Amino acid sequence: MSIMLEIENLQASIDDTPILRGLSLKVGAGEVHAIMGPNGSGKSTLAQVIAGHEDYRVTDGSVLFDGENLLDLAPEERARKGIFLGFQYPVEIPGVNNAYLLKAAVNARRTYQGQDEIDAFEFLKLAREKMSLLDMDPGFLNRGVNEGFSGGEKKRNEILQMALLEPRLAILDETDSGLDIDALKAVAKGVNALRDPQRSIVLVTHYQRLLDYIVPDYVHVLSKGRIVRSGDKSLALELEARGYDWVQEAVSA
Amino acid sequence: MSAAVLNQDLLEAAVGRLAADGLTDLRERALVRFGETGFPSVREENWRYTNLAAAVELSNAYLSDAPGAISATNVDISQLNDDIDAHWIVISSGVADPDALAALQDDGIVITPLSESNDSDQVCIDDPLSSFNAALLHDGLRVRVAENARIEKPIGFLLQDDAAATAGLSQTRIVVDLGRNASASFIELHRSGGDSAHFANSVVQMELDAGASANFVRIQERSTKHMQIGRLQARLQENTTFNFTTIDVGGKLIRNDVAVTIEGAHAVANVCGVYLADGNQHIDNHILLDHRVGPAVSMQDYRGIVGGRARCIFNGKALVREGADGTDAEQSNRNLLLSDTAEIDTKPELEIFADDVKCAHGTTVGQLDKKELFYLRSRGLSHEQARILLTRAFAGHILKKLPIENAKKYIDQLIERKLDQLTGDTDQ
Ligand SMILES: Nc1ncnc2c1ncn2[C@@H]1O[C@H](COP(=O)(O)OP(=O)(O)OP(=O)(O)O)[C@@H](O)[C@H]1O
Ligand SMILES: [Mg+2]
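These numbers come from a predicted model, not from an experiment. (Residues numbered from 1 in each chain as written. Chains lettered and ligands numbered in written order. Predicted model: local features only at pLDDT ≥ 70, side-chain atom pairs only at ≥ 80, totals over all residues. Heavy atoms only, no water.)

Applying the stated criterion across every chain, the model contains 12 aromatic pairs over all chains. Aromatic pair A:Phe140 and A:Phe149: ring centres 5.0 Å apart, planes at 70°, arrangement edge-to-face. As far as burial versus exposure is concerned, A:Phe140 and A:Phe149 are alike and both buried. Each residue in the set B:Phe157, B:Phe186, B:Phe216, B:Phe242 and B:Phe244 is aromatic and connected to the rest through ring pairs, giving one cluster. The side chain of B:Arg303 reaches across the aromatic face of B:Phe394, ending 4.7 Å from its centre. The ring of B:Tyr375 has B:Arg379 lying over it, and the distance from NZ or CZ to the ring centre is 4.9 Å. (Phe/Tyr/Trp six-rings, centres within 6.5 Å; stacked < 30°, edge-to-face > 60°. Buried < 20%, exposed > 50% of the residue type's maximum accessible area, 1.4 Å probe, protein only. Lys NZ or Arg CZ within 6 Å of the ring centre and 35° of its normal.)

Following this line, the structure appears as C-alpha cells:
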C-alpha cells in the first residue's frame, strides 16, 4: 500500500515558540487516522502546518505528500493537489458569498486537474445533492461564508466544502466539537461517503464518540508537540477511561 | 507656503458679465458675502487636510476671461440611459438642456431653471463655497416634488461640464423641495467630458417636509485632472427618511461636504459612502449630522480602499443639541490601506448636549484579514483571487445597502473596474 502523507521529525514554531518538536507520522492511502491529545498539545498546529499557514515556521523535518515535498508549496497549491483542512474555527467572511467560494474552490481544483470549469447549473445540482446528504438547507448557499452561522452550522459547512472538493487527504480539526447528535451523524455520513482506497482522512478529536461513527484504522496521541503513543481504535477507549496522564507519564518515565 | 487668494476684482468683473436675470440679485449678495471670507484655508480646522491653492489658482486664471453666457452642451446619453434607467438631465456649468426639462413630465414633479423660479432667496450662501457658487451661477435647477407624490423613476443629474478644451470652472446648484409625504430618488453623476483641468463646485439643497422620503446616490467618476467640491445639505422635518450614498472613484482633489440637519422628531438619516483612491488622488469626506430635535436616528457609514500615494480623509461629526433627547447617532469608518505610501486620516466626532442619547462610533485602518486570506487560499483560491474577493467584499458592505436599485449594476461595474486597477497596482 502506498504512503500518502509522510511526516518526519517535524519541528515548527510560532513567534519563536517551538510547538511541534519532532513529530513523525505516516498515513497510507485509504486509511483513517485519529489524532487525540490534551489542549494545547499542537494538534491544530500540525493541521495548519500541513495546510500551509504562513505564521508557522518549520525549523526542521519534512512533510511529503505523494512523495513530494509539501513545505515549499503555497496553501492554494496544496489545496489544488487535494489537501483539505476542515478548520477548528472556520472564519466568517461577510460579503463573500458561500456559493461563490464553493464554486471558485471547485474550479480551482478542476483547472489544476486539467478539467473544464463547472457551469452554474451543474454546480448547483452538485451542491444541492451534497447538501441533502448533509441535511443542510440550500439557503446556506446564498449567505456570506459562515456569516452568522451557528457553531454546528459552520462545521457542517466545512464538511460541505470537503464533499464538493473530494480531497485526497482530508484533515478534520475537531469537526465534531459543538455538534448535536444529528449533526454528528450527518458529518459522519459525509466523511464515510468519502472513504475510498485512494483517499486518506485524519481526524483530530477529543471524543471517542466520533470514532463510533467513523471507525479509524489508527489512533495517535499527541503530547507536547510529539506523537507519544499509537494504537488501534481501542486506544481511544482506553484514553476515554483513563485520561491522558498515563500516556504522558509512560513517555517521560 | 502662502495661501493662494482669489482675486475679488476678477470675480466681480466675471459676475458683472453674466446676463441680468432672476438671479442677478442673488449673485450680488453672494459676491459681497464671498468677499468677506474668501476661500477657506488649511488653517481652518475643517479644511486642514485639503488645500485649495490649486483650485484658487485655476479660478483666477479662468475668471480673467470668463464668458458671460454659455449654452447647454450636447451630450449623448443613450448609453447612460441603457446603464441606469432614470430621467436624465444633463447639466453643464449649471445650465440644463431645456428640452430635457420639458420632457420630464412625471405627475407631481416640476423642474425649472433656477433663474425662473422666483425664489432665489432659498439659495443658500452661508458658507464660502456656497457663496462663490451663487455669485458665478449661470443658472441652476429648481426641483419641486408635490405633496403625496411618489416619483418611481429616479431623477438623474449628469454633471459633465468640461466640454471646452481649456481649463475650466463650473458652478452647479440644485434646489430640491419634497412636499409632505412625497417620495423621490435622485442620482447625481459626475463625469468628465474631456481631458482638461477643471474645478467644479456644486451645491445641492434638499428640503424634506414632514413624512417625505428621499433616496440620493452620488457617483463621482471624474478624470484625475478634476478638482471638485460638492456640498449636499438636507433639512429633515418630522417622520422623514433620507438615504444618501456617495461613491467616489475619480478626481484629483475631491471634497464632499454633507450636512444633514434634523429638525423634526422621528427622522431617519442614513449617510453612507465608498471611496476608492490610488495614484495621487485626494478624497476628503466631511459629514455633519446636526440633531436639533429628538428622538431621531442617524447613521454614518463610510468605507475606503486606498492605494498608491493617495490620501483620503473621513471627518464625520454628530452634533446632538440640547433638547434632541432620544437621539441615536452612529458613525463608522473603515479603511483598507493597500500601500505603504497611501494615507488615511479618520476623525469621528461626537458632541452631545442632550439626554438619553445613544451614540457609537468606530474607525479602523488596516490590511486584509490574514485569517480570511488563509481560509480562502486553503480552498484553492490564489492569493490574488482571495485578495480581490476580500477587497470587493469590503466595499460590498456599503454597496449592498445602496438605496437606488436602478443604479446598482452600474456602480458594481464601476467599483469592479476601479478595484482591478487598485489591486493591480499593489502587485508592482
Ligand atoms: N502566537 C503564539 N505564540 C505562542 N504560542 C502560541 C501561539 N499560537 C499558538 N500557541 C500555542 O501553541 C500551542 C499549541 O496550540 P494548538 O492550537 O496547536 O493546540 P491544540 O492541540 O489544537 O489544542 P486544542 O485541543 O485546545 O484545540 C498552545 O499552547 C498555544 O498556546
Ligand atoms: Mg486545536
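Another point: the packing of helix α1 (residues 8-17) of chain B against helix α2 (residues 24-37) of chain B. Residues and elements named next belong to chain B. Viewed as axis vectors pointing N to C, α1 and α2 meet at an angle of 175°, and their least axial separation amounts to 11 Å. The pairing of α1 with α2 is recorded here as roughly antiparallel in orientation. Touching Gln-8, Leu-11, Glu-12 and Val-15 of α1 are Arg-27, Glu-28, Leu-31, Phe-34 and Gly-35, all from α2. For the contact of α1 with α2, the per-class residue count stands at four nonpolar, two polar and three charged. (Axes fitted to C-alpha atoms, helices over the stretch in contact; angles between N-to-C directions. Helix = DSSP H or I, 4+ residues; strand = E, 2+ residues; numbered from the N terminus. Parallel < 35°, antiparallel > 145°, perpendicular 65-115°, else oblique. Contact = heavy atoms within 4.5 Å. Nonpolar A, V, L, I, M, F, W, Y, C, P; charged D, E, K, R; others polar.)

Glancing now at the coordination of the magnesium ion (ligand 2). Residue and element names in this part refer to chain A. Within the first shell, the magnesium ion (ligand 2) binds the protein through Ser-44 (OG) and Gln-88 (OE1), at distances of 2.0 to 2.1 Å. Taken as a pair, Ser-44 in helix α1 (residues 43-51) and Gln-88 in the loop between β6 (83-86) and β7 (93-97) lie far apart in primary sequence, 44 residues in all. Since its relative accessible area comes to 22%, Ser-44 is described here as partly exposed. (Donors = N, O, S within 2.8 Å, 3.2 Å for Na, K, Ca; no water.)

Residue and element names in this part refer to chain B. Negative charge collects at one region of the surface, where Glu-322, Asp-325, Asp-355 and Asp-356 lie side by side. Residue placement: Asp-325 occurs in the loop between β16 (311-320) and β17 (327-337). The exposure class assigned to Asp-325 is partly exposed, which follows from its relative accessible area of 33%. (Patch = residues over 30% accessible without salt bridge, like charges linked within 9 Å, V, L, I, M, F, W, Y side chains within 5 Å. Areas by Shrake-Rupley, 256 points an atom, 1.4 Å probe, with all protein chains shown as cover. Salt bridge = Lys/Arg side-chain N within 4 Å of Asp/Glu carboxyl O. Lys, Arg positive; Asp, Glu negative; His and termini not counted. Charge placed at Lys NZ, Arg CZ, Asp CG, Glu CD.)

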